[in-house]
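Geometric and topological summary
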Amino acid sequence: MLNMLSLGLPHYFVLMLCEMYKYVKLVVIVAGEHSTQVLSLLGLKQGCVLSPKLFSLYLNNAHEFFVKSNVPIISTDLLKLCLLLFTDNIVLLAESKEKLQ
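The structure presented is a predicted model; accordingly, all values stated were derived computationally and were not measured.

Another point: the overall build of the protein. Each helix and strand counted, the protein has four helices and eight strands in total. For the protein, the α and β elements follow one another from N to C terminus as α-α-β-β-β-β-α-β-β-β-β-α. Over its C-alpha trace the protein gives a radius of gyration of 18 Å, far above what one expects of a compact globule, namely 13 Å for 101 residues. Taken over the C-alpha atoms alone, the protein extends approximately 50 × 40 × 20 Å along its principal axes. The buried share of the protein, reckoned over its 101 residues, is 16%. Here the contacts in the protein between residues at least 6 apart in sequence split such that 28% fall between residues at least 24 apart. Only carbon and sulfur atoms are counted for the fraction: they give 62% of the accessible area of the protein, which is about 8400 Å². Computed over 8 positive and 7 negative side-chain charges, the inter-centroid distance for the protein is 7 Å.

Following this line, the structure appears as structure tokens:
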């Protein structure tokens, strides 16, 4: 929420988003069978027109966090990488499991 306010989004808009995501319930359908409703505490609403933009804001913030926090980088002759971002995927890179933590 603070990130959205720092980007200049109006306070009322951020509050509206918080209310939209306060009690998100979901149902899983497998082979035509519906599960019971489950409260979703994380993530964005699938199919919501705002979800791609909200995820983009998150990705932008994640990139800044990794760059500023001096995360170990994998280096080649041509590139220096610590993460790859594409659409709705994030790949974190490290030389070992320990450095990935």
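Tallying each qualifying case throughout the model produces one salt bridge. Here lysine 22 makes a salt bridge to glutamate 19, at a shortest N to O gap of 3.6 Å.

All right, on to helix H3 (residues 51–68) then. Spanning 18 residues, H3 covers 26 Å between terminal C-alpha atoms, matching the ideal 26 Å at 1.5 Å per step. Among all positions of H3, only Ser51, Leu54, Leu59, Ala62 and Phe66 are buried. Seen along its axis, H3 keeps its buried residues to an arc of 140 degrees; they face one direction. Turned more than 90 degrees away from the buried face of H3 sit Lys53, Val67 and Lys68, all of them exposed. Where H3 ends, the next residue or the one after it, asparagine 70, has phi of about 55 degrees, a positive value.

For the rest of this paragraph, the subject is the packing of aromatic side chains. Aromatic ring pairs are defined here through the distance separating the ring centres and the angle between the ring planes. Applying the stated criterion across every chain, the model contains zero aromatic pairs. Geometry around tyrosine 21 places lysine 45 over its ring, the cationic atom sitting 5.4 Å from the centre.

Moving on, we come to the layout of surface pockets. Quantified by volume, the largest pocket comes out at close to 700 Å³. In this structure, the largest pocket is lined by 22 residues; those nearest its centre are Tyr21, Gly43, Leu44, Lys45 and Leu54. Looking at the lining of the largest pocket, the elements with two or more residues in it are helix H1 (2–6), helix H2 (11–20), strand E1 (24–26) and H3. The biggest single contributor to the lining of the largest pocket is H3, with five residues. Looking at the lining of the largest pocket, its residues break down into 14 nonpolar, five polar and three charged.

About the criteria used
Residues numbered from 1 in each chain as written. Predicted model: local features only at pLDDT ≥ 70, side-chain atom pairs only at ≥ 80, totals over all residues. Heavy atoms only, no water. Helix = DSSP H or I, 4+ residues; strand = E, 2+ residues; numbered from the N terminus. Rg over C-alpha atoms; globule rule 2.2 N^0.38 Å. Buried < 20%, exposed > 50% of the residue type's maximum accessible area, 1.4 Å probe, protein only. Contact = heavy atoms within 4.5 Å. Areas by Shrake-Rupley, 256 points an atom, 1.4 Å probe, with all protein chains shown as cover. Lys, Arg positive; Asp, Glu negative; His and termini not counted. Charge placed at Lys NZ, Arg CZ, Asp CG, Glu CD. Salt bridge = Lys/Arg side-chain N within 4 Å of Asp/Glu carboxyl O. Expected span 1.5 Å × (residues − 1). Arc of directions from axis to C-beta. Phe/Tyr/Trp six-rings, centres within 6.5 Å; stacked < 30°, edge-to-face > 60°. Lys NZ or Arg CZ within 6 Å of the ring centre and 35° of its normal. 1 Å grid on protein atoms, 1.4 Å probe; cavity = no way out; pocket = protein on both sides within 12 Å on 5 of 7 lines; lining within 4 Å. Points joined across faces, edges and corners; volume = space filled by probe spheres on them. Nonpolar A, V, L, I, M, F, W, Y, C, P; charged D, E, K, R; others polar.

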